[in-house]
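Fold and contact review
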Amino acid sequence: MKKILTTFIILLISAAPVELFAQEGIPGTGTEFAGSTASSDSAASSASSDAADSSKQATAKSYSWIFTMGPILTVNTEDSTKSAPSPIAFSCGFGAKLNKDNKYSFEPRVSFFKNYYLWDGKNALPAEVENRTATVLSFLFDLPVVYNFKKKDNYYFEAGGGIALLARYGILSNGVNSSDYGASGDAGGDVSEINKWLLKPAHMIFPELTGAWNYKVSDRLDAGLEGRIYIPIDGKLLDKMMISIAARFMF
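Calculation criteria
- Residue numbers restart at each chain and count upward from 1, following the sequence in its written direction.
- With the structure being a predicted model, the display of local features is reserved for residues of pLDDT at least 70 and the display and counting of side-chain atom pairs for 80 or more, all residues being used for whole-chain, interface and lining totals.
- Working from all heavy atoms in the structure, the side-chain values ignore hydrogens and water.
- Only DSSP runs of H or I with at least four residues qualify as helices, and only runs of E with at least two residues qualify as strands; both kinds are numbered from the N terminus onward.
- Only protein chains enter the calculation, and the probe is 1.4 Å; a residue is then buried if its accessible area is under 20% of its type maximum, exposed if over 50%, and partly exposed in between.
- Residues are treated as being in contact if the distance between any of their heavy atoms lies within 4.5 Å.
- To estimate the expected span of a helix, count its residues, drop one, and scale the result by 1.5 Å.
- A 3.5 Å cut-off defines polar contacts: any pair of N or O atoms within that distance qualifies, except that in protein one atom must be a possible hydrogen donor and the other a possible acceptor, and neighbouring residues in sequence count only when both atoms are side-chain atoms.
- Within this document, salt bridges are pairs made up of a side-chain nitrogen of Lys or Arg and a carboxyl oxygen of Asp or Glu, the two lying within 4 Å of each other.
- Any two strands with at least two DSSP-identified bridges between them are counted as paired.
- Stacked, edge-to-face and tilted labels apply to pairs of Phe, Tyr and Trp rings (six-membered ring for Trp) whose centres lie within 6.5 Å, assigned for plane angles under 30 degrees, over 60, and everything in between, in that order.

Scanning the protein for helices and strands turns up 4 helices and 10 strands. In the protein, the succession of helices and strands from N to C terminus is α-α-α-β-β-β-β-β-β-β-α-β-β-β. Across the 251 residues in the protein, those meeting the buried criterion constitute 32%. Put simply, 62% of the contacts in the protein that link residues at least 6 apart link residues at least 24 apart.

Written as C-alpha coordinates, this is what we have:
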(Lines give C-alpha, C1' and ligand atoms only; values in the text may rest on other atoms or scores of the structure.)
Protein backbone atom coordinates (compact mmCIF):
# COMPACT_ATOMS: atom_id res chain seq x y z
CA MET A 1 0.00 0.00 0.00
CA LYS A 2 2.77 2.34 0.91
CA LYS A 3 4.48 1.67 -2.42
CA ILE A 4 1.26 2.40 -4.37
CA LEU A 5 0.78 5.72 -2.50
CA THR A 6 4.36 6.77 -3.23
CA THR A 7 3.99 5.94 -6.92
CA PHE A 8 0.75 7.96 -7.10
CA ILE A 9 2.37 11.10 -5.60
CA ILE A 10 5.29 10.84 -8.05
CA LEU A 11 2.91 10.62 -11.00
CA LEU A 12 0.87 13.59 -9.72
CA ILE A 13 3.96 15.80 -9.42
CA SER A 14 5.15 14.80 -12.89
CA ALA A 15 1.79 15.79 -14.42
CA ALA A 16 1.69 19.28 -12.81
CA PRO A 17 2.37 22.13 -15.38
CA VAL A 18 5.64 23.99 -15.13
CA GLU A 19 3.72 27.32 -15.03
CA LEU A 20 2.24 26.33 -11.68
CA PHE A 21 5.69 26.14 -10.12
CA ALA A 22 6.67 29.43 -11.76
CA GLN A 23 3.62 31.20 -10.34
CA GLU A 24 3.86 29.69 -6.88
CA GLY A 25 7.68 29.85 -6.73
CA ILE A 26 8.07 26.25 -5.70
CA PRO A 27 11.59 25.69 -4.35
CA GLY A 28 13.81 23.55 -6.47
CA THR A 29 12.17 24.45 -9.76
CA GLY A 30 14.48 27.38 -10.51
CA THR A 31 11.50 29.74 -10.65
CA GLU A 32 11.16 30.68 -7.03
CA PHE A 33 12.54 34.22 -7.75
CA ALA A 34 10.77 34.87 -11.09
CA GLY A 35 8.02 37.00 -9.55
CA SER A 36 10.44 39.08 -7.49
CA THR A 37 12.72 39.56 -10.56
CA ALA A 38 9.86 41.00 -12.64
CA SER A 39 8.94 43.34 -9.79
CA SER A 40 12.57 44.43 -9.46
CA ASP A 41 12.80 45.14 -13.24
CA SER A 42 9.67 47.29 -13.04
CA ALA A 43 11.07 49.29 -10.12
CA ALA A 44 14.37 49.78 -11.94
CA SER A 45 12.55 51.00 -15.05
CA SER A 46 10.53 53.48 -12.96
CA ALA A 47 13.67 54.74 -11.22
CA SER A 48 15.40 55.14 -14.58
CA SER A 49 12.45 57.17 -15.91
CA ASP A 50 12.46 59.40 -12.82
CA ALA A 51 16.20 59.95 -13.18
CA ALA A 52 15.74 60.93 -16.85
CA ASP A 53 13.03 63.44 -15.91
CA SER A 54 15.26 64.91 -13.20
CA SER A 55 18.13 65.14 -15.69
CA LYS A 56 15.91 66.99 -18.17
CA GLN A 57 14.85 69.46 -15.49
CA ALA A 58 18.45 70.01 -14.42
CA THR A 59 19.55 70.70 -17.99
CA ALA A 60 16.58 72.96 -18.86
CA LYS A 61 17.53 76.39 -20.22
CA SER A 62 18.14 78.94 -17.45
CA TYR A 63 18.18 81.82 -19.94
CA SER A 64 16.23 83.33 -22.83
CA TRP A 65 17.35 85.38 -25.81
CA ILE A 66 15.77 88.83 -26.05
CA PHE A 67 15.05 90.86 -29.17
CA THR A 68 13.66 94.41 -28.88
CA MET A 69 12.59 97.15 -31.25
CA GLY A 70 10.99 100.53 -30.72
CA PRO A 71 11.51 104.31 -30.47
CA ILE A 72 14.03 106.04 -28.22
CA LEU A 73 13.70 109.72 -27.32
CA THR A 74 16.73 111.88 -26.48
CA VAL A 75 15.65 114.92 -24.47
CA ASN A 76 17.17 118.18 -25.72
CA THR A 77 16.57 121.33 -23.65
CA GLU A 78 18.83 123.59 -25.73
CA ASP A 79 17.42 126.55 -27.67
CA SER A 80 15.53 125.26 -30.72
CA THR A 81 16.98 128.09 -32.83
CA LYS A 82 20.39 126.42 -32.81
CA SER A 83 19.51 122.73 -32.47
CA ALA A 84 16.74 120.28 -33.23
CA PRO A 85 13.81 119.47 -30.94
CA SER A 86 14.22 116.31 -28.89
CA PRO A 87 14.92 113.69 -31.56
CA ILE A 88 13.24 110.30 -31.74
CA ALA A 89 15.20 107.44 -33.30
CA PHE A 90 14.29 103.82 -34.04
CA SER A 91 16.25 101.33 -31.96
CA CYS A 92 16.84 97.58 -32.32
CA GLY A 93 18.36 95.52 -29.54
CA PHE A 94 19.54 92.00 -28.77
CA GLY A 95 20.47 90.43 -25.44
CA ALA A 96 19.67 87.72 -22.91
CA LYS A 97 17.71 87.13 -19.73
CA LEU A 98 19.90 85.09 -17.38
CA ASN A 99 18.47 83.11 -14.43
CA LYS A 100 15.07 83.64 -16.01
CA ASP A 101 13.15 81.44 -13.55
CA ASN A 102 14.56 83.07 -10.42
CA LYS A 103 13.24 86.12 -8.60
CA TYR A 104 16.24 88.15 -9.78
CA SER A 105 17.52 88.08 -13.35
CA PHE A 106 20.40 89.74 -15.16
CA GLU A 107 19.57 91.18 -18.60
CA PRO A 108 22.64 92.33 -20.56
CA ARG A 109 21.76 93.82 -23.93
CA VAL A 110 23.08 95.95 -26.76
CA SER A 111 20.91 98.15 -28.97
CA PHE A 112 21.64 100.32 -31.98
CA PHE A 113 20.24 103.60 -33.31
CA LYS A 114 21.51 106.74 -35.05
CA ASN A 115 20.98 110.51 -34.90
CA TYR A 116 22.21 113.68 -36.62
CA TYR A 117 24.43 116.14 -34.72
CA LEU A 118 26.05 119.54 -35.16
CA TRP A 119 28.79 121.39 -33.28
CA ASP A 120 27.89 124.78 -31.82
CA GLY A 121 31.41 125.62 -30.63
CA LYS A 122 30.94 124.11 -27.14
CA ASN A 123 28.61 121.13 -27.34
CA ALA A 124 27.43 118.44 -29.72
CA LEU A 125 23.72 119.05 -30.25
CA PRO A 126 20.97 117.14 -32.05
CA ALA A 127 20.37 118.54 -35.54
CA GLU A 128 17.69 118.49 -38.20
CA VAL A 129 18.51 116.84 -41.51
CA GLU A 130 19.12 120.16 -43.25
CA ASN A 131 21.51 121.40 -40.53
CA ARG A 132 23.36 118.18 -39.81
CA THR A 133 27.12 117.86 -39.85
CA ALA A 134 27.66 114.35 -38.45
CA THR A 135 25.69 111.13 -38.55
CA VAL A 136 26.23 109.60 -35.12
CA LEU A 137 26.08 105.81 -34.79
CA SER A 138 25.06 104.81 -31.27
CA PHE A 139 25.54 101.50 -29.46
CA LEU A 140 23.80 101.32 -26.09
CA PHE A 141 24.98 98.61 -23.69
CA ASP A 142 22.50 97.85 -20.89
CA LEU A 143 23.50 96.03 -17.69
CA PRO A 144 20.38 95.91 -15.48
CA VAL A 145 19.31 93.53 -12.72
CA VAL A 146 15.53 92.98 -12.61
CA TYR A 147 13.07 91.54 -10.11
CA ASN A 148 10.42 89.23 -11.57
CA PHE A 149 6.87 89.67 -10.24
CA LYS A 150 4.99 86.43 -10.94
CA LYS A 151 1.26 87.15 -11.32
CA LYS A 152 -0.17 84.31 -13.39
CA ASP A 153 1.17 81.37 -15.32
CA ASN A 154 0.82 83.17 -18.67
CA TYR A 155 2.24 86.59 -17.81
CA TYR A 156 4.50 88.42 -15.35
CA PHE A 157 6.04 91.82 -14.69
CA GLU A 158 9.62 92.83 -14.01
CA ALA A 159 11.31 95.98 -12.73
CA GLY A 160 14.89 96.90 -11.98
CA GLY A 161 17.83 99.12 -12.67
CA GLY A 162 21.50 99.21 -13.53
CA ILE A 163 24.12 100.99 -15.57
CA ALA A 164 24.15 101.69 -19.30
CA LEU A 165 27.11 102.63 -21.46
CA LEU A 166 26.42 104.71 -24.57
CA ALA A 167 29.18 104.32 -27.15
CA ARG A 168 28.81 106.82 -30.02
CA TYR A 169 30.88 107.72 -33.03
CA GLY A 170 30.16 110.41 -35.61
CA ILE A 171 30.98 110.35 -39.31
CA LEU A 172 30.58 113.12 -41.86
CA SER A 173 26.96 113.03 -43.04
CA ASN A 174 26.14 112.17 -46.62
CA GLY A 175 26.01 115.34 -48.71
CA VAL A 176 28.30 117.31 -46.37
CA ASN A 177 31.86 118.11 -47.46
CA SER A 178 34.66 118.27 -44.90
CA SER A 179 35.58 121.72 -46.25
CA ASP A 180 32.08 123.15 -45.64
CA TYR A 181 31.77 125.89 -43.05
CA GLY A 182 31.68 124.79 -39.40
CA ALA A 183 31.85 126.30 -35.92
CA SER A 184 35.40 124.98 -35.55
CA GLY A 185 36.40 126.29 -38.97
CA ASP A 186 35.12 123.52 -41.23
CA ALA A 187 32.78 120.54 -41.14
CA GLY A 188 35.64 118.05 -40.82
CA GLY A 189 36.85 119.84 -37.69
CA ASP A 190 33.30 119.88 -36.31
CA VAL A 191 33.04 116.10 -36.65
CA SER A 192 36.31 115.72 -34.74
CA GLU A 193 35.01 117.99 -31.95
CA ILE A 194 31.70 116.11 -31.85
CA ASN A 195 33.53 112.81 -31.33
CA LYS A 196 35.67 114.25 -28.54
CA TRP A 197 32.51 115.47 -26.82
CA LEU A 198 30.71 112.15 -27.24
CA LEU A 199 33.60 110.17 -25.71
CA LYS A 200 33.64 112.09 -22.44
CA PRO A 201 32.64 109.75 -19.54
CA ALA A 202 29.88 112.16 -18.44
CA HIS A 203 28.25 111.70 -21.86
CA MET A 204 28.70 107.92 -21.97
CA ILE A 205 27.57 106.60 -18.57
CA PHE A 206 23.85 106.52 -17.72
CA PRO A 207 22.17 105.00 -14.66
CA GLU A 208 19.00 103.32 -15.90
CA LEU A 209 15.58 102.26 -14.65
CA THR A 210 13.65 99.56 -16.46
CA GLY A 211 10.29 97.81 -16.35
CA ALA A 212 8.55 95.26 -18.56
CA TRP A 213 5.40 93.20 -19.03
CA ASN A 214 5.84 89.73 -20.52
CA TYR A 215 3.16 87.39 -21.89
CA LYS A 216 3.75 83.67 -22.47
CA VAL A 217 2.71 83.03 -26.06
CA SER A 218 3.98 79.43 -26.11
CA ASP A 219 6.52 77.20 -24.39
CA ARG A 220 9.24 78.74 -26.56
CA LEU A 221 8.12 82.36 -26.96
CA ASP A 222 7.29 85.26 -24.62
CA ALA A 223 6.25 88.67 -25.95
CA GLY A 224 5.62 91.98 -24.24
CA LEU A 225 6.48 95.65 -23.78
CA GLU A 226 9.32 97.36 -21.94
CA GLY A 227 10.19 100.89 -20.87
CA ARG A 228 13.60 102.30 -19.95
CA ILE A 229 14.78 105.64 -18.59
CA TYR A 230 18.44 106.63 -18.90
CA ILE A 231 19.54 109.38 -16.50
CA PRO A 232 22.51 111.63 -17.46
CA ILE A 233 25.26 112.22 -14.90
CA ASP A 234 26.62 115.53 -16.22
CA GLY A 235 24.58 117.57 -13.76
CA LYS A 236 21.54 118.28 -15.95
CA LEU A 237 18.59 116.12 -14.92
CA LEU A 238 16.52 116.38 -18.10
CA ASP A 239 18.94 117.43 -20.82
CA LYS A 240 20.32 114.35 -22.61
CA MET A 241 17.96 112.02 -20.73
CA MET A 242 16.84 109.10 -22.92
CA ILE A 243 13.47 107.37 -22.78
CA SER A 244 12.86 104.11 -24.61
CA ILE A 245 9.65 102.16 -25.22
CA ALA A 246 9.97 98.90 -27.12
CA ALA A 247 8.31 95.67 -28.04
CA ARG A 248 10.22 92.65 -26.78
CA PHE A 249 10.36 88.99 -27.76
CA MET A 250 12.02 86.27 -25.67
CA PHE A 251 12.81 82.82 -27.01
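Attention shifts here to the environment of Lys61. Within the fold, Lys61 resides in the loop between α3 (34–58) and β1 (63–74). Taking the C-alpha atoms as reference points, Lys61 and Asn99, 38 residues apart in sequence, are found 8.9 Å from one another. Setting aside its immediate chain neighbours within four residues, Lys61 contacts Lys100, Asp101 and Phe251.

With that settled, the discussion passes to helix α4 (residues 187–198). Its 12 residues place the ends of α4 16 Å apart at the C-alpha level, agreeing with the 16 Å of an ideal helix rising 1.5 Å per residue. Sitting at the head of α4, Asp186 places a side-chain oxygen 3.2 Å from the backbone nitrogen of Gly188.

Should their charged atoms come close, side chains of opposite charge can pair. Under the definition given, this model contains 17 salt bridges. Among the ionic pairs, Asp120 bridges to Lys82, the shortest N-O distance being 3.6 Å. Within this pair, whereas Asp120 is found in the loop between β4 (109–119) and β5 (124–126), its partner Lys82 is found in the loop between β1 and β2 (88–98), the two being separated by 38 residues in sequence. Given a relative accessible area of 28%, Asp120 falls into the partly exposed group. A salt bridge links Lys240 to Asp234; the nearest nitrogen and oxygen atoms lie 3.2 Å apart. By relative accessible area, which is 18% here, Lys240 ends up buried.

The next thing to look at is the side chain of Ser138. With respect to the helices and strands, Ser138 occurs in strand β6 (residues 134–152). Once residues within four sequence positions are removed from consideration, Ser138 is found in contact with Ser111, Phe112, Phe113, Leu166, Ala167 and Arg168.

What follows concerns the pairing of β2. Every regular strand shows the same layout, with side chains that alternate between the two sheet faces. Where β1 and β2 come together, 11 bridges link them in antiparallel fashion. Within β2, the residue paired with Pro71 across the bridge is Phe90. The pairing of β2 with β4 spans 4 bridges and is antiparallel. Of the residues in β4, the one forming a bridge with Gly95 is Arg109.

Once that is clear, we can look at the packing of aromatic side chains. Enumeration according to the criterion identifies 7 aromatic pairs in this entry. The interplanar angle of 65° and the centroid separation of 5.1 Å between the aromatic rings of Tyr104 and Tyr147 together place this pair among those described as edge-to-face. You can see Tyr104 sitting in strand β3 (residues 104–106) and its partner Tyr147 sitting in strand β6, a full 43 residues away along the chain. A residue is classified by how much of its surface remains accessible, and Tyr147, at 25% relative accessible area, is partly exposed. Summarising the aromatic geometry, the rings of Tyr147 and Phe149 are spaced 4.7 Å apart at their centres and angled 70° between planes, so their arrangement reads as edge-to-face.

It is worth spelling out the side chain of Thr68 at this point. Note that Thr68 resides in strand β1. With a relative accessible area of 3%, Thr68 lands in the buried category. At a separation of 3.2 Å, a polar atom in the side chain of Thr68 contacts the side chain of Arg109. If we ignore the near neighbours within four places in the chain, the residues touching Thr68 are Ser91, Cys92, Gly93, Arg109, Glu226, Ala246, Ala247 and Arg248.

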